[in-house]
Amino acid sequence: MKKLFYTAMCLVVVAASSCSKVDNYAAPSSTLSGSTIDAGTGQTVQTEIGGGGTRVKLLEISYSANPTPYYFQSKQDGTFNNTKLFDATYKISVEGPFVPIVQTDNTGTVISDASQTITLKGSATVNFKVEPFLRIEWVGKPVFNADKSVTAQVKITRGTANPAYQLDVTNINLYVSNTQYDGNNNYDPRYSTLTTYNGSDGTSLLGQTITIKTIGGALPAQDVYFRVGARINAGLDEYNYSTPVSVPYP
Amino acid sequence: MSNSNQQQIMKKYKYLILLVFLLAGVSACRKLNIPPKNIIQDADVFSSNGGIQAYMARLYSELPIEDFRYSPQRGLNFFWIISPTPATTGEALSRDQTGSMQENLGGWNWDLWSGSYTVIHDCDYFIQTLPKYASTFSTAQVNAWLGEAYFVRGMTYFALVKRLGGVPIVNTVLNYTPGSDVTDLKVPRSSEQAVWDQVASDFDFAIANLPAVNTDYGDGSRANKYVAAAFKSRAMLYAGTIAKYNTITLFDANKNQLCGIPASAAASYFQKAYDAAKTLDGIYSLYLSAWSPTDKAAQYQNFVNMFFDAGSKENIFVREYSYPNSVHGYDAYNVPRQLIGPNGYSAEVNPTLNFVEMFGGLPKNADGTLKTLDASGHYNLYTNTMDLFANAEPRLRATVIFPGDVFKGQNIEIRRGIYTGAATGGISPLLPAGSRSQYPLTNLQVSSTSTQTAYKLPDGTLMNPAGLSGIFTGDQTCAISGFSVRKWLDPNLATSQVKENNEAQTWIEMRYAEVLLNRAEAALELGSAGTNGANAADAFTVINQIRSRAGATQLSGVGALTIDTLRMERRKELAFENKTYWDLRRWRIFDKEQNGTIYKILMPFYSSQAGKYFFDARTDERNDTYTYDPRWYYEQIPQGAITKSTNLIQNPGY
C-alpha cells in the first residue's frame with residue numbers, strides 16, 4: 001500500500017512540475033493606426049465593414065523575406081487601428097476600392113509600389129494617399145417625401161486620372177438601413193434602390209446631380225440611415241461610398 | 001479489504017508483470033525482416049485483376065464530381081443535401097439557402113484540398129507502380145488501366161483548377177523520410193494555364209490509351225476514350241472562357257500567373273474543346289426512345305425517361321449507387337410536400353419563376369416576363385392551374401412540376417390562398433407592381449401549416465386555403481416558389497421508400513447533350529477563327545437538335561443564335577444537374593446576375609367569387625437577397641494548407 005502511495009506521489013510531482021512553465025513571450029501590445037486618404041480631397045476613403053471593404057496588409061519582413069501576409073480590416077470611415085501587434089519591421093499597404101498601392105502589369109512585373117516600411121515599437125501611425133475609383137458626395141441631405149419615401153441626391157466623380165481605371169460605372173445604389181453600417185453587405189432590400197447600368201449609361205451620369213428615390217413606399221418609423229455606393233469593374237469590384245447620413249423621421 | 005487479500009492481489013500483479021516481460025522479451029528476439037501480415041503489399045494489389053479492381057473502385061469513389069451527394073454548403077460526397085446547389089444559382093429557392101454562397105471547401109466530410117491531393121497521390125502511385133507488374137497482364141490491359149489513372153488524375157486537377165486557379169502540380173509520389181529536409185515537398189502553385197494544360201495532357205493520355213469500350217464496365221460507370229474526350233471538351237471550354245472573361249489576376253514573384261490566363265490563349269482552348277467534342281460524333285446520340293416529332297406528351301415522357309434508362313445512348317459517364325452500400329436521398333429531400341416520405345424533408349428545390357420564364361410555350365409580356373394580367377390590368381382567370389401551362393415546352397414540364405400537374409398519379413396541388421374579395425369587373429393585383437411587401441390579409445384565406453381549416457366556398461363546398469403541397473405561410477416545407485422540381489425524381493418510387501440514404505438512381509455526370517452544347521459554345525466563341533468545322537452554322541445545327549428533342553421551337557436562322565441564347569439553352573437543358581453553378585462562374589456573370597437580386601416566384605390563388613384561379617408573379621416573399629462576391633471566382637486556399645506549405649500564395653481578397 002505504501003509503495004502504491006509513493007508511486008502515486010511521484011506521478012503527482014512529475015505531473016505538477018511539467019505544468020509549471022509559463023508562456024515566456026509577452027502578448028502583442030503595440031499599436032498601428034492610420035488611415036486611407038483620398039489624395040485629391042484629403043478626406044478618408046469611405047468603405048464597407050467586413051470582408052468587402054478596405055483592409056491593411058502587413059508583411060513582417062524582419063521575420064522572413066517572404067512572409068505569409070497578415071491582414072486586418074479598416075473601419076467604415078477609412079481609418080484603421082490595431083492594438084495587438086508585435087514589435088517588428090513591417091511592410092505595410094492597403095487594399096480597397098482605389099488604385100492599388102502595388103501595381104503590376106499584365107506580365108506580373110511590379111511597376112509601382114507605394115508600400116510603407118516601418119519599424120513598429122510601441123505605436124506608429126501610417127497614412128496612405130490613394131486615388132479612389134469614384135468619389136460620392138451628397139448634394140444636400142436626403143429628404144422625406146409626402147408619402148414617407150425618401151429622395152436623395154448625390155454627385156459622383158472619378159477620383160483618378162489613371163487611364164487603366166477609367167472603366168464604366170456599373171452600379172449606383174442607394175442603401176437604406178437601420179444602422180449606420182450601411183453598405184452592399186448590409187441594407188434593407190425592401191426600400192433600397194439598386195441600379196445596374198449597361199455600357200456607358202452609368203458613366204454618363206458622372207459629374208451630374210443624380211436623384212435616387214427609395215422603393216417600396218413609406219419607410220417604417222424608426223432610425224434610418226442612407227448611404228450611396230457606386231463601383232466600376234476593377235479589381236475585386238468593391239464599392240466606393242458616400243458617408244452614411246441619418247434623417248429624422250418626420 | 002483485509003491484509004491477506006491485498007497480498008494476494010500484489011502477488012497476482014507480480015506474476016502478471018513477469019508474464020508480460022517474458023512474452024514481450026522472448027518474442028522480440030525474432031527477426032523482423034518478414035513483410036507485415038496486416039498490411040497489403042504492392043504485389044497483393046498489382047498482380048491480380050481483383051487487386052486492381054479494388055484500387056480502381058477507390059479512385060472512382062473519390063472522383064470529385066458534383067453528384068447527388070454534393071452541395072456547395074457541405075462539399076463533395078456528403079449525404080445531407082438541404083442547401084441544394086440549384087438554390088445557389090437562381091434555378092430554385094430552398095428554405096435552407098437564403099443567399100449566394102461560395103463553396104465550403106473544408107466540407108463536412110471531404111476536405112477538397114487534401115482530399116484531391118490524396119487522389120492525385122493514389123493516381124501517381126498507380127502510374128509508377130503498375131509497370132513493375134506489367135508482365136502479368138496484356139499490354140492493352142496495362143495501357144487501359146494507366147489510361148484510367150490518368151483520367152482520374154485529370155478530373156482531379158480539373159476539380160482543383162476550376163475552384164482555385166493555379167495549384168501545385170505533383171506528378172510523382174512525394175516521399176518523406178523523418179528528419180529530412182522538407183523544402184522540396186513544399187511544391188509551389190503553378191500558373192493557372194499550366195494546370196489547365198496538365199488537365200488536357202492527362203485527358204490526352206487517357207484518350208490515347210483507353211479502349212473505345214471499357215471491358216470491365218461498359219455501362220459508362222468507368223472511363224473509355226470517349227469519356228475522356230467528353231471531359232476534355234468540358235475542361236477546355238472552361239479554360240477558354242476563363243481566358244476570355246476573367247478579370248482577376250494574381251502573379252507570384254517569378255511572374256507565374258496563378259489566377260487568370262492571357263486572353264490570347266482563349267482560341268486554342270476553344271478549338272481543343274470543339275475538336276474533343278467532335279470525336280464523340282456518331283458514338284453517342286441524343287435519347288429519343290419515346291420521342292415523337294409531333295406529340296408533346298411523348299416529348300415530355302421521353303425527357304423524363306432519359307434519366308432512368310440504363311441503356312440510354314446519351315449516357316457517357318455515370319455514377320451508380322446501390323442500396324445499402326452507396327446511397328443518396330434525392331427523392332426524400334425533393335418530392336413535393338404532399339408525397340413526403342416517412343422520415344420527413346421534401347420540397348427542398350423549388351424552381352424560380354426566373355427559371356421558368358426562360359422557356360417557350362408560355363404567355364409572355366413584351367419584356368419576356370410571364371403574362372398574368374389582362375389588358376385592363378386585372379388577373380387572367382383560369383379554370384385549372386394547369387391551363388396556364390397548356391402549351392409549355394415539354395422539356396420544362398419534364399424538369400419542373402407545375403401547380404396542378406400529375407406526379408406519381410397524384411395531382412400536385414399548389415395554392416397560396418383563397419381570395420374572397422369581389423371578382424365582378426376583374427380582380428386587381430393584390431400588391432402594386434414590384435412590391436416586396438407581404439400580401440395584405442384582407443379578403444385572403446391562407447394557411448400557416450399543413451394542418452388546415454377548410455373554407456366554405458359560396459356554393460357550399462369546402463376548400464382548404466392552401467394546396468396539399470403548399471404554400472404554407474409558417475412552414476417552408478412546401479413549394480415556396482409555386483413550383484416543385486421534377487428532374488431526377490423517381491416516378492416509380494413508393495412513398496414508403498422515399499427516405500434519406502435509401503435512394504439509388506444513377507447520376508448522369510456527362511451526357512451527350514452537354515457534349516453538343518460544349519461543341520456549339522466553343523464554335524460560337526471561336527467565330528471566324530475556328531477550324532475543323534467549328535463555325536456558327538455548326539453551332540446552329542447542334543442547338544436545333546437539342547431544341548427539337550426538347551420540343552421547343554427551332555431557331556429561325558444562324559443569326560438568331562447569339563452567345564446569350566446559346567447560354568440560355570445550356571441552362572435550360574442542364575438545369576438541376578449541378579452544372580449551372582460552374583457555368584455562371586466560368587462565364588463570370590454570377591456577380592452580374594446575383595447583385596442584390598431577389599428571385600421571382602409565381603403564386604396561384606383561387607378566387608371564391610369567380611370560382612377560378614389566378615396567378616400573382618412577385619419576388620420571393622422572404623426577401624432573400626442574393627449577392628455574389630466577385631472574389632469567389634477564385635476560392636480561398638484553405639489556411640491549413642498554407643500553414644503546412646508556406647510557399648502557397650493565397651488568392652486575391654482572402
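Just so it is clear, the model here is predicted, and its values are computed rather than measured.

Turning to unusual backbone geometry, a few remarks are in order. Following Tyr323(B), the chain continues to Pro324(B) via a peptide bond in cis, the omega torsion being 0°. For Pro324(B), the position within the fold is in the loop between strand S4 (315-319) and helix H11 (330-334). Looking along the chain, the bond that leaves Gly470(B) and enters Ile471(B) is cis, with omega of 15°. As for its position among the elements, Ile471(B) is in the loop between strand S12 (462-463) and strand S13 (484-485). Unusually for a residue other than glycine, Lys148(A) sits at a positive phi of about 70°. Assignment of secondary structure puts Lys148(A) in the loop between strand S11 (143-144) and strand S12 (150-158). In this structure, Asn532(B) is a non-glycine residue whose phi angle is positive, near 65°. Tracing the chain through its elements places Asn532(B) in the loop between helix H14 (512-526) and helix H15 (536-550).

On to the sheet that holds strand S2 (residues 55-60) of chain A. Consider a sheet: its strands pair through backbone hydrogen bonds, and that pairing is either parallel or antiparallel. Residue and element names in this part refer to chain A. One open sheet holds the four strands; their spatial order is S3-S2-S5-S8, and the pairing between them is antiparallel. Either end of the sheet is taken by a strand with one partner, and the two such strands are strand S3 (70-73) and strand S8 (116-119). Ignoring which end each strand starts from, the neighbouring axes of this sheet average 30° apart. As paired elements, S2 and S3 share four bridges and run antiparallel to each other. In the sheet register, Leu 58 faces S3, and the bridge partner there is Tyr 70.

All names here are of chain A. Across the sheet, three strands lie side by side as S4-S1-S9; this open sheet has mixed pairing. Edge positions in the sheet fall to strand S4 (79-85) and strand S9 (123-130), since each of these pairs with one other strand and no more. Strand-to-strand twist of the sheet, defined as the mean angle between neighbouring strand axes without regard to direction, takes the value 15°. Alignment of strand S1 (residues 30-38) against S4, held across five bridges, turns out to be antiparallel. The partner of Gly 34 across the bridge, within S4, is Phe 80.

Time to look at H14(B). Residue and element names in this part refer to chain B. The terminal C-alpha atoms of H14, which comprises 15 residues, lie 21 Å apart, in line with the 21 Å expected from a rise of 1.5 Å per residue. Along H14, 15 of the 15 residues are buried, which leaves the element largely enclosed by surrounding structure. Positioned one or two residues after H14, Gly 527 has a phi angle of 60°, which is positive.

Our next topic: the pairing of strand S7 (residues 110-113) of chain A. Residues and elements named next belong to chain A. Bridge count between strand S6 (residues 102-104) and S7: three bridges; the pairing is antiparallel. Within S7, the position partnered with Thr 104 by the bridge is Val 110. Hairpin connection from S6 to S7: five residues lie between these consecutive antiparallel strands, with Gly 108 at a positive phi of about 95°.

Residues Ala228(B) and Ala230(B) are the most contacted members of the largest nonpolar core, which totals 165 residues. At 14 residues, helix H6 (residues 139-164) of chain B tops the list of elements feeding residues into this core. For Ala228(B), the residues in contact, after removing those within four places along its chain, are Phe151(B), Phe203(B), Ala206(B), Ile207(B), Leu210(B) and Ala223(B). Grouped together as the second largest cluster of nonpolar side chains are 38 residues, Tyr90(A), Ile156(A), Val224(A) and Tyr241(A) included.

So, about the confidence of the model for chain B. Summary statistics for chain B give a mean pLDDT of 93 and a share of 95% for residues scoring 70 or more. ipTM for the predicted complex: 0.87, alongside a pTM of 0.91.

The next point concerns the domain arrangement of chain B. Residues and elements named next belong to chain B. When the domains of chain B are assigned, the result is domain 1 (42-69 + 111-284), domain 2 (318-508 + 596-638) and domain 3 (509-576). Contacts between domain 2 and domain 3 engage 16 residues on the former and eleven residues on the latter. Contributing elements (two or more residues each) for the side of domain 2 that touches domain 3: S4, helix H13 (394-399) and strand S14 (507-511). Among the elements that make up the side of domain 2 that touches domain 3, the one with the highest residue count is H13 (three residues).

Criteria and cut-off values
- Residues numbered from 1 in each chain as written.
- Chains lettered and ligands numbered in written order.
- Predicted model: local features only at pLDDT ≥ 70, side-chain atom pairs only at ≥ 80, totals over all residues.
- Helix = DSSP H or I, 4+ residues; strand = E, 2+ residues; numbered from the N terminus.
- Pairing = 2+ DSSP bridges.
- Axes fitted to C-alpha atoms, helices over the stretch in contact; angles between N-to-C directions.
- Expected span 1.5 Å × (residues − 1).
- Buried ≥ 20, exposed ≤ 12 C-beta atoms within 10 Å, placed from the backbone.
- Core = buried A, V, L, I, M, F, W, Y, C linked by C-beta atoms within 7 Å.
- Contact = placed C-beta atoms within 7 Å.
- pLDDT = per-residue confidence, 0-100.
- Domains from an automatic or database assignment.

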